[in-house]
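Take a look at the letters that make up each chain.
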Amino acid sequence: MNTPQASEVWIRLQKELPQWVEESRAQCGEGKVASYIPELAKAPHRALGIQIMNGSGASIAAGDAAIPFTMQSISKVFTLLLALMDNGEAAVFDKVGMEPTGDNFNSMLKLELVQPGIPFNPLINAGAIVISSLIAGARMEEKSDRVLQFFRKLAANDFLEVNEAVYQSEAASADLNRSMAYFLKDNGVLKGKVDEVLDVYFRHCSINVTCADLARMALVLAFDGTDPITGERHIPRRYVQIAKTFMVTCGMYNASGEFAIEVGMPAKSGVAGGILTLVPGRYGIGVVGPALNPKGNSIAGVDLLETLSQRLDWSLF
Ligand SMILES: NC(=O)CC[C@H](N)C(=O)O
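Residues numbered from 1 in each chain as written. Predicted model: local features only at pLDDT ≥ 70, side-chain atom pairs only at ≥ 80, totals over all residues. Heavy atoms only, no water.

## Things to note about the overall build of the protein chain
In step 1: The helix and strand tally for the protein chain stands at 13 helices and nine strands.
In step 2: Taking 2.2 N^0.38 as the reference for a compact globule, 317 residues should give roughly 20 Å; the C-alpha atoms of the protein chain span a radius of gyration of 18 Å, in line with that estimate.
In step 3: Contacts in the protein chain between residues at least 24 apart in sequence constitute 69% of all its contacts with a sequence separation of at least 6.
In step 4: Carbon together with sulfur atoms contributes 51% to the accessible area of the protein chain, which is approximately 12,700 Å² in total.
In step 5: Measuring between centres, the 28 positive side-chain charges of the protein chain sit 2 Å from its 34 negative side-chain charges. (Helix = DSSP H or I, 4+ residues; strand = E, 2+ residues; numbered from the N terminus. Rg over C-alpha atoms; globule rule 2.2 N^0.38 Å. Contact = heavy atoms within 4.5 Å. Areas by Shrake-Rupley, 256 points an atom, 1.4 Å probe, with all protein chains shown as cover. Lys, Arg positive; Asp, Glu negative; His and termini not counted. Charge placed at Lys NZ, Arg CZ, Asp CG, Glu CD.)

## Some remarks on the site of the ligand
In step 1: Close to the ligand lie Y36, Q72, S73, F105, N125, E170, N177, Y201, C205, Y253, G270 and V271.
In step 2: With respect to the ligand, the side chain of Q72 contributes an N or O atom lying 2.6 Å from a nitrogen atom.
In step 3: In this structure, N177 approaches the ligand through a side-chain N or O atom, which is 2.8 Å from an oxygen atom.
In step 4: For the ligand, whose accessible area on its own is 300 Å², the fraction buried by protein is 99%.
In step 5: For the shell around the ligand, the residue count by class is six nonpolar, five polar and one charged.
In step 6: Here the shell around the ligand gathers at least three residues from each of two domains, domain 1 (6-69 + 209-312) and domain 2 (73-205). (Near = heavy atom within 4 Å. Polar contact = N/O pair within 3.5 Å; in protein donor to acceptor, adjacent residues only side chain to side chain. Nonpolar A, V, L, I, M, F, W, Y, C, P; charged D, E, K, R; others polar. Domains from an automatic or database assignment.)

## Considerations on the domain arrangement of the protein chain
In step 1: Each assigned domain of the protein chain is listed with its residue range as follows: domain 1 (6-69 + 209-312) and domain 2 (73-205).
In step 2: With both chains or domains summed, domain 1 and domain 2 bury close to 2,900 Å², and 75% of this area falls on carbon and sulfur atoms.
In step 3: Per-residue buried area on domain 1 facing domain 2 is highest for M217, Y239 and F246; these three make up 22% of the total on that side.
In step 4: Run the count over domain 1 and domain 2 and you get one salt bridge.
In step 5: A salt bridge links R238 to E89; its shortest N-O distance comes to 2.9 Å.
In step 6: Secondary-structure elements contributing two or more residues to the side of domain 1 that touches domain 2 are α10 (211-222), α11 (237-250), β6 (267-269) and β7 (274-279).
In step 7: Looking at the side of domain 1 that touches domain 2, the element that brings in the most residues is α11, giving nine residues.
In step 8: A per-class count over the side of domain 1 that touches domain 2 returns 22 nonpolar, seven polar and five charged. (Buried area = accessible area lost by both parts, 1.4 Å probe. Salt bridge = Lys/Arg side-chain N within 4 Å of Asp/Glu carboxyl O.)

## Looking at helix α7 (residues 164-171)
In step 1: Turning to α7, its buried residues number three or more, namely V166, Y167, S169 and E170. Around the axis of α7, the buried residues are gathered within 165° of arc, so they sit on the same side.
In step 2: At its buried positions, α7 is contacted by β4 (69-70), α8 (175-186) and α9 (194-205).
In step 3: The N-terminus of α7 is capped by N163, whose side-chain oxygen sits 3.1 Å from the backbone nitrogen of A165. (Buried < 20%, exposed > 50% of the residue type's maximum accessible area, 1.4 Å probe, protein only. Arc of directions from axis to C-beta.)

## Here we look at unusual backbone geometry
In step 1: If you check the backbone angles, Y253 has positive phi at about 55° while not being a glycine.
In step 2: When you line up the elements, Y253 lands in the loop between α11 and α12 (256-262).
In step 3: On the basis of relative accessible area, Y253 is assigned to the buried category, the value being 8%.
In step 4: The backbone of D313 shows a phi angle near 60°, a positive value even though the residue is not glycine.

## Describing the UniProt feature "binding site: substrate" (unreviewed entry) in the protein chain
In step 1: With numbering matched to this structure, UniProt assigns "binding site: substrate" (unreviewed entry) to S73, N125, E170, N177, Y201, Y253 and V271.
In step 2: Looking at the secondary structure, you find S73 in the loop between β4 and α2 (75-87).
In step 3: Note on S73: relative accessible area 6%, which makes it buried.
In step 4: What S73 contacts, discounting residues up to four positions off in sequence, is N125, Y253, K268, S269 and G270.
In step 5: When residues no more than four places from it in sequence are discounted, the contact partners of V271 are A34, Y36, L40, Q72, F105, Y253, L292 and G296. (UniProt positions renumbered as here; feature names shortened; annotations may be inferred.)

## Here's the deal with α11
In step 1: In this model α11 runs 20 Å from its N-terminal to its C-terminal C-alpha over 14 residues, within 8% of the 20 Å that 1.5 Å per residue would give.
In step 2: Three or more residues of α11 are buried, namely Y239, V240, I242, A243, K244, F246, M247 and C250. (Expected span 1.5 Å × (residues − 1).)

## Quick look at the nonpolar core
In step 1: Judged by nonpolar contacts, the single largest core of 76 residues is most densely connected at F78 and L221.
In step 2: Two domains share this core, each providing at least three of its residues, namely domain 1 (6-69 + 209-312) and domain 2 (73-205).
In step 3: Ranked by size, the runner-up nonpolar core spans 31 residues in total, among them L17, I50, A62 and L308. (Core = buried A, V, L, I, M, F, W, Y, C linked by side-chain atoms within 4.5 Å.)

## A few points about a nonpolar patch on the surface
In step 1: On the surface, a cluster of nonpolar side chains totalling about 290 Å² of accessible area is made up of L109, L113 and V114.
In step 2: Within the element layout of this structure, L109 appears in helix α4 (residues 109-113).
In step 3: Residue class for L109 comes out exposed when judged on its relative accessible area of 52%. (Patch = residues over 30% accessible without salt bridge, like charges linked within 9 Å, V, L, I, M, F, W, Y side chains within 5 Å.)

This is how it looks when you write it as structure tokens:
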């Protein structure tokens, strides 16, 4: 296989990325913006943007890369990392499993079907809610603040904030997540007060970012836990390995298998239309496209990543 040099790829991206975005944007009409959290329904339906950042901090942006959106499920990768750093591997995997479900991200089907009743993995809602309960902190304000500070550090952006409108909207329309949390509490998996744990979860899902923030956070994962721009180690390598493996097996919900075949990059999506992905040792990438396919992934975003992976030979496999 003749892998193109990083510099050739960069020049090609500068030249062709805007055109590739426009080609994929055509898919937006086929998708639907999430509306089960009412505030998310206000997102621009035809938006598509991407930012790619390299290890020197140079970046290329195309399309609507500057629009803000909430992280939603993308945040689950980073709360998992914080929980691992707070508790260690054994304590975390005592409470969540390591296997994909093949079900929707908000399904609770397998919680009762398979014993001992722990969520299958930390990237489905049930698993991420348990992870929220494992974040260290005396009170929920402290837990939420630690999450925000951790995300700010990884994104190298002190201005990251919770989008209050989205947070309120999710908290007011979360009957399914609430029922899951009570079920987990009854099973003895979730410790602490359900409302407080959910508050931490809703808040981290509602953190506002742009593609630039996602690209910088992804860059830290691409360089195994070290920010290549500052040289600072933020996360132990082993935990990044765990997170990236979950991104491959579960990051695109129950479309993760197909995404692994068609794109082959570790990625995590969110219902606000964001996708965080990376090329190991090379690039951190943030994508946004609020119109979703039936499995809840950005329809145009996935199409764009297929194009990138195929044309630039970025599949890991
Ligand atoms: N898939 C997602 O992005 C889901 C996250 C969303 N906050 C929820 O709990 O439903």
